[in-house]
Amino acid sequence: MNSDGDRVQVSRREPGHAVKTMGIYIAPRGDRTAQIEYLEGKAEEFATQIQTEGPATRNDIWIASCHTIGTTLDYPMPATTLTEKEWDGIQSIMNQAVLPRAGIV
């Protein structure tokens, strides 16, 4: 029942089907694939924007990375079970675009 007391149909999902809840893709079986794909997509989107956007200072690029994509990646970290290697793969997508534009060697 919903908050109005009306009956609602609950959809049945397979244990491996991930659903986004509270900003995190989780599956009852523990499959992390959907979460990895989501975060990689966000990192790729940000990397594309950084590479194609107009002129910005090195400081602007660094601040943008820390306060936009950085928080997008930080938020789900404690609630996921991604390995260090998986996180490194996601971070490397972003770092390949951000670090050169921010003047970091």
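Coordinates for the structure precede this section.
Conventions adopted
- Residues numbered from 1 in each chain as written.
- Predicted model: local features only at pLDDT ≥ 70, side-chain atom pairs only at ≥ 80, totals over all residues.
- Heavy atoms only, no water.
- Helix = DSSP H or I, 4+ residues; strand = E, 2+ residues; numbered from the N terminus.
- Expected span 1.5 Å × (residues − 1).
- Bend = angle between axes of the 7 residues up to and from the residue.
- Buried < 20%, exposed > 50% of the residue type's maximum accessible area, 1.4 Å probe, protein only.
- Contact = heavy atoms within 4.5 Å.
- Core = buried A, V, L, I, M, F, W, Y, C linked by side-chain atoms within 4.5 Å.

Caption draft 1: Summary view of helix 3 (residues 84-101). Here helix 3 contains 18 residues, and its C-alpha end-to-end distance of 25 Å stays within 8% of the 26 Å for a straight helix at 1.5 Å per residue. At Asn95, helix 3 is bent by approximately 40°, the largest bend along its length. Among all positions of helix 3, only Trp87, Ile90, Ile93, Met94, Ala97 and Val98 are buried. Where helix 3 is buried, its residues meet helix 1 (33-52) and helix 2 (58-74). In the segment just after helix 3, Gly103 is the residue with positive phi, at about 75°.

Caption draft 2: How the structure looks around the nonpolar core. Ranked by size, the top nonpolar core spans 17 residues in total, and within it Leu39, Phe46, Leu73, Leu82, Trp87, Ile90 and Met94 carry the most contacts. Of all the secondary structure elements, the ones that give two or more residues to this core are helix 1, helix 2 and helix 3. Those residues within four positions of Trp87 in sequence are excluded, and the remaining contacts are Leu39, Leu73, Pro76, Met77, Thr80 and Leu82.

Worth remembering: the numbers are spatial, not functional.
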